[in-house]
Amino acid sequence: MTIHTAPTHDRSHIVLGIGGGISAYKSVDLVRRLKERGFEVRVVMTQAATALVTPLTFQAVSGHPVRTSLLDPGAEAGMNHIELARWADWLLIAPATADLMARLAAGIADDLLTTLALATNAPLCLAPAMNQHMWRHPATQENLQTLRERGARILGPAEGDQACGDSGPGRMLEPAELAEAMRPQAERRLIGVRTVLTAGPTREPLDPVRYLSNRSSGRMGYALAAALTHRGAQVTLITGPSALPVPTVAEVVQVETALEMHAAVLARMADCELFVATAAVADYRPLECAAQKRKKDAELLTLQLVRNPDILAEVAARESPPFTVGFAAETEQLEIHARAKLAHKKVNLIAANQVGGAVGGFDREDNALTVFWEGGSRALPLMSKPSLARELADLIAEHYRGADATAT
Ligand code: PMT
């Protein structure tokens, strides 16, 4: 099932949203500074913003027509809003007013900018700018928390004298600071990187109604597929059975058994650049799957199991392997077992998690990982799986790009 195709270019595209705050005038300079850093910028303004700075000013500095309305037949005939949402590698909103943040937190799409925020896969970065009382108001702080939890990156605000005469937190960061803050974002990108990611459990049938499986929900793998997609990777998600809605990625392949997952992965290896094995693949399958439901006539039933192929090890052993990231699910001696898997399966990174305990691991909302590589490791503490996936995706991008640089 093909859901959508991710961008395959190697550039950093920013849609810069301008909210109706007095600091909108500073964003003219922001466009210039982002362009100096190699970003291509398209500007979208709210109606309120156009009362403060003219679209023509932003058109002059960005070199492209400025979009202000969702219902503009002329503009929609060019790059329509869905194309613009797909074009974006980043959606940066500066200034982000209290009202805009509230609408974004509520998922309201009543103008072009808020519609784009819902329609795009690109990470959202917000540079808040408002009066200090508005910033401190519990409603704004709750909206901020909601947006943060969904993965928005909040840049600022700064403290100091405000246009309204107050002094306190709420000043938009300076254009130079914002442009600098976007630089590491660009370094974390995986734009167009062809990625295959396995997720969820496998089911190994015993007869037409029974199977052997494990407790994997698919949550960790789905969150990671989404986080890698947000960084621009073109992700094929190969998933075992899961009750969760699949994330929006380039391609989704549903499988049931380890052998089906093995075949689906190998069929996509020719041009794969990054392979991530989050799935809890059954190590063994029943030697025989009975054609009819097994009867309970024996007091003691002995099942014969046969080893499944090790998908991760096989991918890593290819002549020109992709960059490989494995997981290790351990109930004890996390580092010893994870490092043994790193060496034995010859993978680039291994993300180890403690399973079977009171927190984290299989079928939980939260998890913690320690990521090992030859000569190093990084601990990612207990947090929600989407947050953890974002941290891990950044780490993968860092190492992937490092490996790329070494190879060239
Ligand atoms: O899905 P959730 O409920 O969110 O739970 C997440 C998780 C605990 C399943 C996930 O974080 C995790 O640890 N996934 C790997 C589970 C596992 O099978 O670990 P392992 O140590 O047995 O396997 C090591 C690695 O080899 C894994 O990357 C696994 O995908 C891979 N493998 C294993 C066996 C096999 N036949 N083929 C493989 O590719």
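No experiment lies behind these values; they were computed from the predicted model shown.

What counts and how
Residues numbered from 1 in each chain as written. Predicted model: local features only at pLDDT ≥ 70, side-chain atom pairs only at ≥ 80, totals over all residues. Heavy atoms only, no water. Near = heavy atom within 4 Å. Polar contact = N/O pair within 3.5 Å; in protein donor to acceptor, adjacent residues only side chain to side chain. Helix = DSSP H or I, 4+ residues; strand = E, 2+ residues; numbered from the N terminus. Nonpolar A, V, L, I, M, F, W, Y, C, P; charged D, E, K, R; others polar. Expected span 1.5 Å × (residues − 1). Buried < 20%, exposed > 50% of the residue type's maximum accessible area, 1.4 Å probe, protein only. Phe/Tyr/Trp six-rings, centres within 6.5 Å; stacked < 30°, edge-to-face > 60°. Core = buried A, V, L, I, M, F, W, Y, C linked by side-chain atoms within 4.5 Å. Contact = heavy atoms within 4.5 Å. Domains from an automatic or database assignment. Salt bridge = Lys/Arg side-chain N within 4 Å of Asp/Glu carboxyl O.

The next point concerns the site of the ligand. Near the ligand, the surroundings consist of 27 residues, among which Ser217, Ala279, Lys341, Asn353 and Asp363 are the closest. In this structure, Phe327 approaches the ligand through a main-chain N or O atom, which is 2.9 Å from an oxygen atom. The separation between an oxygen atom of the ligand and a polar side-chain atom of Lys341 is 2.5 Å. Of all elements in the fold, only helix 11 (219–230), helix 13 (311–316), strand 16 (323–330) and helix 14 (334–345) reach the threshold of two or more residues within the shell around the ligand. Taken together, the residues of the shell around the ligand sort by class into 12 nonpolar, eight polar and seven charged.

Turn by turn, an α-helix covers 3.6 residues, leaving residues three or four places apart pointing in a common direction. With 12 residues, helix 11 ought to run about 16 Å at 1.5 Å a step, and its terminal C-alpha atoms sit 17 Å apart, in line with that. The set of residues buried in helix 11 consists of Met220, Gly221, Tyr222, Ala223, Leu224, Ala225, Ala227, Leu228 and Thr229. One or two steps after helix 11, the chain reaches Gly232, where phi turns positive at roughly 100°.

Here the structure, examined in full by the defined rule, presents one aromatic pair. Between the aromatic rings of Phe323 and Tyr400, the centroid separation amounts to 5.9 Å while the plane-to-plane angle is 80°, which identifies the pairing as edge-to-face. A residue pair is termed long-range when its members are at least 10 positions apart, and Phe323 in strand 16 and Tyr400 in helix 15 (residues 385–407) qualify at 77 residues. With respect to class, Phe323 is no different from Tyr400; both count as buried.

The subject of this paragraph is the nonpolar core. Counting 36 residues, the largest nonpolar core has Leu197, Leu224, Leu228, Leu274 and Leu392 as the members making the most contacts within it. In terms of residues, this core owes the most to one element, helix 15, which gives eight residues. Residue contacts for Leu228: discarding those within four places in its chain leaves Leu190, Thr195, Leu197, Ala233, Val235, Val276, Ala393 and Ile396. Counting 29 residues, the second largest nonpolar core, distinct from the first, contains Ile18, Ala24, Met172 and Met182.

Attention now moves to the domain arrangement of the protein. Per the domain assignment, the segments of the protein are domain 1 (13–185) and domain 2 (188–407). A C-alpha centroid distance of 37 Å is found between domain 1 and domain 2. Tallying the contact residues gives 10 residues for domain 1 and seven residues for domain 2. Run the count over domain 1 and domain 2 and you get zero salt bridges. Taken together, the connections running from domain 1 to domain 2 amount to two residue pairs in polar contact (both at pLDDT 80 or more). The set of elements that each furnish at least two residues to the side of domain 1 that touches domain 2 consists of helix 9 (138–149) and helix 10 (175–187). When grouped by side-chain class, the residues that make up the side of domain 1 that touches domain 2 number three nonpolar, three polar and four charged.

Another aspect to go through is the environment of Tyr211. With respect to the helices and strands, Tyr211 occurs in strand 10 (residues 210–212). Classification of Tyr211 as partly exposed rests on a relative accessible area of 39%. For the pair formed by Tyr211 and Arg285, sequence separation is 74 residues and the distance between their alpha carbons is 9.1 Å. Setting aside anything within four residues of it in sequence, one finds Tyr211 in contact with Arg203, Glu204, Pro205 and Leu206. In terms of polar contacts, Tyr211 uses its side chain to reach the side chain of Arg203, at 3.4 Å.

Further remarks concern the side chain of Asn308. Among the structural elements, Asn308 can be located in the loop between strand 15 (305–307) and helix 13. Judged by its relative accessible area of 6%, Asn308 falls in the buried class.

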